[in-house]
Amino acid sequence: MTSSVRLFDSQRPKRKPPWIRVKAPGSVIFHETRKLMRQLALNTVCEEAACPNIGECWSKRHATVMILGSVCTRACTFCNVATGRPDILDPHEPDRLARAVAQLGLEHVVITSVDRDDLDDGGARQFARCIQSIRATSPATTIEVLTPDFRNKYGAEAAVIAARPDVFNHNLETVPRLYTEVRPGARYYHSLRLLDKVKFIDTGMFTKSGIMVGLGEERREVLQVMDDLRTADVDFLTIGQYLQPTPRHHPVDRFVTPDEFADYAKAARSKGFLLVSASPLTRSSYHAAEDFAALRKAREDSLRQG
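A short tour of the structure in this document, coming up. (Residues numbered from 1 in each chain as written. Predicted model: local features only at pLDDT ≥ 70, side-chain atom pairs only at ≥ 80, totals over all residues. Heavy atoms only, no water.)

## With respect to the overall build of the protein chain
Part 1: Check the secondary structure of the protein chain and you find 11 helices and 11 strands.
Part 2: Each of the 306 residues in the protein chain was classed as buried or not, and the buried ones make up 55%.
Part 3: Taking the intrachain contacts of the protein chain between residues at least 6 apart in sequence as the baseline, contacts between residues at least 24 apart amount to 75%. (Helix = DSSP H or I, 4+ residues; strand = E, 2+ residues; numbered from the N terminus. Buried < 20%, exposed > 50% of the residue type's maximum accessible area, 1.4 Å probe, protein only. Contact = heavy atoms within 4.5 Å.)

This is the structure we're talking about:
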């Protein structure tokens, strides 16, 4: 097993500006949440991806569960999840996840995964089983999936959609020009097509995508990504600052200022997204429960206005 890294050791990490710093986690509820995840042998992207918001989210009993093991078949240079031979698929994982959701009393849960190019469906059926298990034990809980791209896995997205998650999220991560550096195992237009397929199969399902900035992209390229996502009728866009997990990962090109994030949010809203979250600490599942409530309200308001 290896980390998903390349040879960036010579790059000295940039010092974080004041607006990107967060408090170290330490609340009682934080430790209770971590203990429950350990007891049920569940992985979380909060820990595996070294998310800066883990203290705040876990203290509110919010966690993004990562299914299909903790080892990824790809080596994206922005990601801290380990790359190597994947874990054996666990048939009991959906039930353990459902128990965690029930014990935490979650109103909204986010399910993500590593890439599993080794599986014939990319892990899509496991996503569906997790959704079904949660529905059986916590029917009031809303469910958001953050899926891999299921590249070359025909019909995989349809299996997930058939299980009826409330939100289908797949992140583009960066602009097309940087894919070979940042996301070498993926293809930009395949990811875009995946989001388009979700709306084609189920026009009522909320779709969501996110990108990181500070990787070397240009403003015009970010605006083009927005246009591409709106062409695919994506409802919700998240934009956050890329943070280098270790010195061996892709370096931070620059720290985007809060004013620039506000400008991106304004531009995205003008292009017709129902909801936009753009800030230095924005992540795909950050404030996911509150954002889902806002997303539903935004759609209702849009329908009322004709």
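## Notes on the pattern of salt bridges
Part 1: One pass over the structure, following the stated rule, counts 22 salt bridges.
Part 2: A salt bridge links Glu221 to Arg177, with the nearest nitrogen and oxygen atoms 2.7 Å apart. Linking Glu221 in helix α9 (residues 219-231) with Arg177 in the loop between β8 (167-169) and α7 (179-182), this pair joins segments that are 44 residues apart in sequence. (Salt bridge = Lys/Arg side-chain N within 4 Å of Asp/Glu carboxyl O.)

## Structural notes on the nonpolar core
Part 1: The biggest cluster of nonpolar side chains holds 72 residues, and the ones touching the most others in it are Ile111, Leu172, Met226, Leu229 and Ile239.
Part 2: Here the element with the most residues in this core is helix α5 (residues 124-137); it accounts for 6 residues.
Part 3: Discounting residues that sit within four places of it in the chain, Ile239 has contacts with Ile211, Val213, Met226, Phe261, Tyr264, Ser277, Ala278, Ser279 and Thr282.
Part 4: Core analysis: the second largest hydrophobic core is formed by 6 residues, Val167, Phe206, Leu275 and Leu295 among them. (Core = buried A, V, L, I, M, F, W, Y, C linked by side-chain atoms within 4.5 Å.)

## A word on the packing of aromatic side chains
Part 1: The final tally for this structure, using the stated rule, is 4 aromatic pairs.
Part 2: When the centroid spacing of 6.0 Å and the interplanar angle of 90 degrees are considered together, the rings of Phe206 and Phe292 count as edge-to-face. Taken together, the residues span a long stretch of sequence, with Phe206 in strand β9 (residues 206-213) and Phe292 in helix α11 (residues 288-304) at a distance of 86 residues.
Part 3: Take Phe292: its relative accessible area is 5%, and that puts it in the buried class.
Part 4: Put simply, the rings of Tyr179, Tyr188 and Tyr189 pair up and form one aromatic cluster.
Part 5: The ring of Phe273 has Arg230 sitting right over it, with the charged end atom 5.5 Å from the ring centre. (Phe/Tyr/Trp six-rings, centres within 6.5 Å; stacked < 30°, edge-to-face > 60°. Lys NZ or Arg CZ within 6 Å of the ring centre and 35° of its normal.)

## A few points about the environment of Asn169
Part 1: Structurally, Asn169 is set in strand β8.
Part 2: Setting aside residues up to four positions removed in sequence, Asn169 forms contacts with Glu144, Val145, Leu146, Thr147, Lys208, Ser209 and Ser284.

## A closer look at α9
Part 1: With 13 residues, α9 ought to run about 18 Å at 1.5 Å a step, and its terminal C-alpha atoms sit 19 Å apart, in line with that.
Part 2: Among the residues of α9, Glu221, Val222, Leu223, Val225, Met226, Asp228 and Leu229 are the ones counted as buried.
Part 3: Residues of α9 that are buried sit in contact with α8 (188-201), β9, β10 (236-241) and α10 (258-270). (Expected span 1.5 Å × (residues − 1).)

## Here's the deal with the side chain of Thr147
Part 1: Among the secondary structure elements, Thr147 is positioned in the loop between β7 (142-146) and α6 (156-162).
Part 2: Not counting residues within four places of it along the chain, the set of residues in contact with Thr147 comprises Phe127, Phe168, Asn169, His170 and Leu194.

## Observations concerning the packing of helix α4 (residues 93-104) against α5
Part 1: Contact geometry for α4 and α5: axes closest at 8 Å, N-to-C directions at 40 degrees. One element, α4, and the other, α5, form an angle in the oblique class. Read as a crossing pair, α4 and α5 show a hand that is right-handed. Within the contact between the two elements, α4 uses Glu93, Pro94, Asp95, Leu97, Ala98 and Val101 and α5 uses Gln126, Arg129, Cys130, Ser133, Ile134 and Thr137.
Part 2: For the contact of α4 with α5, the per-class residue count stands at 6 nonpolar, 3 polar and 3 charged. (Axes fitted to C-alpha atoms, helices over the stretch in contact; angles between N-to-C directions. Parallel < 35°, antiparallel > 145°, perpendicular 65-115°, else oblique. Left-handed = near helix turned anticlockwise from the far one by under 90°. Nonpolar A, V, L, I, M, F, W, Y, C, P; charged D, E, K, R; others polar.)

## Examining the state of the cysteines
Part 1: Counted according to the given criterion, the structure contains 0 disulfides.
Part 2: For the unlinked cysteine Cys76, the closest cysteine sulfur is that of Cys72, found at 6.4 Å.
Part 3: Overall, Cys76 belongs to the buried group, its relative accessible area being 11%. (Disulfide = S-S within 2.5 Å.)

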